[in-house]
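Residues per chain are reported as follows:
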Amino acid sequence: MGAKELPVLDGPVASAGDHRALMSRFPTGVAVVTAVDTVGRPHGMTCSSMTSVTLSPPTILVCLRIGSATLRAVHERGAFAVNLLDAGARATAELFSGPVPDRFSRVRWIRSQYGLPWLVDDTLAMAECRVSRAIRDGDHEVLFGRLLRVAEQPGIPLLYGMRSYSAWRASSLAGPAEMKDMSA
């Protein structure tokens, strides 16, 4: 069956609840996207919608809620940071996922090389990005970010799936010599 022969998908769309149920079954890492506004005030929000786009040039994408202070700050400066959270940073993920005033007073952070908020105690990696493209769809905006710099430190990733947090299993960090051969 060729592409021209496929039926057009038409009809009602799934509900927001259906969407949440589907995405809860897709475990992902947890990140806090941060930015600064034109007066240097930090903003940030928990984000599990982040993915690699291309290696050349190195580009990732994040999805931020339209109307959020973080998205406004990203637009003002044209840049954002992605803080990949460590397994011990569940409280930080929860802090940045709700409308908590003055969240940055509750965590230790520093300004990165490009002046973006780096949650240094809670991350195992941080990327500083320049916005290369933005696309609005529904209640979110997809931001494409060209990586300017990446910082890493030891740690185990915080994961989110099935509406709960967990940590990457330590046994998953085993080197190739300890992996089982599944081809037999």
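As a reminder, the structure under discussion sits directly above these lines.
Scope of this entry: the structure provided in the associated data block. Please read all numbers here as calculations on a predicted model, not as lab measurements.

Notes on the layout of surface pockets
Looking at the largest pocket, its volume works out to about 1500 Å³. If you go around the largest pocket, you meet 40 residues; those closest to its centre are Thr-46, Cys-47, Ser-48, Ser-49 and His-140. Elements with a minimum of two residues in the lining of the largest pocket: α1 (16-24), β3 (42-47), β5 (58-65) and α2 (69-77). Here the element with the most residues in the lining of the largest pocket is β3; it accounts for 6 residues.

Let's talk about the side chain of Thr-70
Looking at the secondary structure, you find Thr-70 in helix α2. Aside from chain neighbours lying at most four places away, what touches Thr-70 is Val-33, Ala-35, His-43, Gly-44, Met-45 and Leu-64.

Here we look at the side chain of Thr-46
Here Thr-46 is to be found in strand β3. Separated by 3.3 Å, the side chain of Thr-46 and the backbone nitrogen of Ser-97 make a polar contact. Aside from chain neighbours lying at most four places away, what touches Thr-46 is Val-30, Ala-31, Val-32, Thr-92, Ala-93, Phe-96 and Ser-97.

Conventions used here
Residues numbered from 1 in each chain as written. Predicted model: local features only at pLDDT ≥ 70, side-chain atom pairs only at ≥ 80, totals over all residues. Heavy atoms only, no water. 1 Å grid on protein atoms, 1.4 Å probe; cavity = no way out; pocket = protein on both sides within 12 Å on 5 of 7 lines; lining within 4 Å. Points joined across faces, edges and corners; volume = space filled by probe spheres on them. Helix = DSSP H or I, 4+ residues; strand = E, 2+ residues; numbered from the N terminus. Contact = heavy atoms within 4.5 Å. Polar contact = N/O pair within 3.5 Å; in protein donor to acceptor, adjacent residues only side chain to side chain.

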